[in-house]
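Residues per chain are reported as follows:
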Amino acid sequence: MSALSVSGLHKAYGQVPVLEGLDLDVPKGALTAVLGASGSGKTTFLRIVAGFDRADRGTVRLGERLVDGARRFLPPERRGVGYVSQDGALFPHLSAWHNVAFGLARRERARVEELLRLVGLPGLGGRFPHQLSGGEQQRVSLARALAPRPELILLDEPFSSLDATLRASLRADVRAVLREAGVSAILVTHDQEEGLSLADQVAVLRGGRIVQSGSPQEIYDRPADPELARFVGSANLVEATLEGGSVRTALGRLPLSDRTPAEGRNGPAIALVRPEQIAVRPDDEGAGLRATITGRDFFGHDAVLHARPELPCGPDELVIRVTGREALLPGAKVRLSARGEVIAWARR
């Protein structure tokens, strides 16, 4: 059974459509990341699921319960949904303990200390929000959302206001807390790395609809179209010629994935080559596409190189991911080739 099932969801503000036939199933016990650019309708979708807004058309079901439809609308307090906003939205005049306990019946307040331990804040219940770090405030907000034992937790870009180091550690902790609590969750984010690293399922929202959903690996390896390929990770979209089960490119002949959209066709195409698929060799070592390194982003354990090919291959620059020790300096002459399976889209 799905924790959430949304079908044909439409929402407009005045004459401006935001959601246009959105469909999504969230598996029970899973964390689903809804990825989308700013303005794609992510927050509107979340507000409708929470019950803060009502859909113009379509249905929202939590488990077997219809909570939003043509003839039925349950308000937020009757849905059994927890909500964690970008800034935590804690009550500044209440301690962490009382923030978590807010709205709980007196007999249920024994759970507060247990929840504070669950989110990694034992002994901090007496502190007020201004005495907590940004990460600690978000942990309290998560504990408060979990307190009434919701069927579903909604996370609205909860890490966006935190610095990079804290964001990475808190993401892992929140994932562990949700697993231990056994609660289904939806994470709305524009951060592709965040969605791919945290989620069991990723759904990409564009133009008011879900254009593709699946496991993080599937979304990364087999995006539905070139635009989605660019959105989910770095992408080299190179000119190619389909020839049966392979494509011919300036980076060499590459085998097609058995799930490529252009399988079985022949003719002009666009092939997706991820940065980690490109091998770099010195200019005097064998065959390959000649190129010049034009930029380097060094991260220690690895590096991202930018290379300008001497022959047209589609993009003016290719993006390449290498280990830190292979990080060549700008100006270096190199030979490039690609490895592994690719997917391709036939040109119309």
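Predicted model only: the values in this text are computed from it and were never measured.

Participant: I keep staring at the side chain of Lys42 and nothing clicks. Help me out?
Facilitator: Residue placement: Lys42 occurs in helix α1 (residues 42–50). For the buried Lys42, no salt bridge is present, and the opposite-charge side chain at shortest range is Glu157, 4.0 Å distant. Polar contacts involving the side chain of Lys42 include one to the main-chain carbonyl oxygen of Ala37, which spans 3.2 Å.

Participant: What should I look at first to understand the packing of helix α4 (residues 134–146) against helix α5 (residues 164–181) in this one?
Facilitator: Helix-helix packing is characterised by the crossing angle of the two axes and by the distance between the axes. Where α4 meets α5, the closest approach of the two axes is 11 Å, and the angle between their N-to-C directions is 15 degrees. As far as their axial angle goes, α5 and α4 are roughly parallel. Considering how the two elements wind past one another, α4 and α5 form a crossing that is right-handed. Two secondary-structure elements touch here, α4 through Gly135, Gln138, Arg139, Leu142 and Leu146 and α5 through Leu166, Leu170, Asp173, Val174, Val177, Leu178 and Ala181.

Participant: Please explain the pairing of strand β12 (residues 236–243) as it appears in this structure.
Facilitator: Here is the key point about a regular strand: its side chains alternate between the two faces of the sheet. Bridge count for β12 against strand β15 (residues 266–273) is eight bridges, and the pairing is antiparallel. Bridge assignment links Thr241 to a residue of β15, and that residue is Pro268. Between the antiparallel neighbours β12 and strand β13 (residues 246–249) lie two residues, among them Gly244 with a positive phi of about 70 degrees.

Participant: Is there a simple way to think about α5 in this case?
Facilitator: Note that an α-helix has 3.6 residues per turn; residues three or four places apart therefore point the same way. Spanning 18 residues, α5 covers 26 Å between terminal C-alpha atoms, matching the ideal 26 Å at 1.5 Å per step. For α5, the complete set of buried residues consists of Leu170, Arg171, Val174, Arg175, Val177 and Leu178. Projected down its long axis, α5 shows its buried positions confined to an angular sector of 165 degrees, all on one face. Along α5, the residues that are exposed and aim more than 90 degrees away from the buried face are Thr165, Arg179 and Glu180.

Here is what the cut-offs are and how they apply
- Residues numbered from 1 in each chain as written.
- Predicted model: local features only at pLDDT ≥ 70, side-chain atom pairs only at ≥ 80, totals over all residues.
- Heavy atoms only, no water.
- Helix = DSSP H or I, 4+ residues; strand = E, 2+ residues; numbered from the N terminus.
- Buried < 20%, exposed > 50% of the residue type's maximum accessible area, 1.4 Å probe, protein only.
- Lys, Arg positive; Asp, Glu negative; His and termini not counted.
- Salt bridge = Lys/Arg side-chain N within 4 Å of Asp/Glu carboxyl O.
- Polar contact = N/O pair within 3.5 Å; in protein donor to acceptor, adjacent residues only side chain to side chain.
- Axes fitted to C-alpha atoms, helices over the stretch in contact; angles between N-to-C directions.
- Parallel < 35°, antiparallel > 145°, perpendicular 65-115°, else oblique.
- Left-handed = near helix turned anticlockwise from the far one by under 90°.
- Contact = heavy atoms within 4.5 Å.
- Pairing = 2+ DSSP bridges.
- Expected span 1.5 Å × (residues − 1).
- Arc of directions from axis to C-beta.

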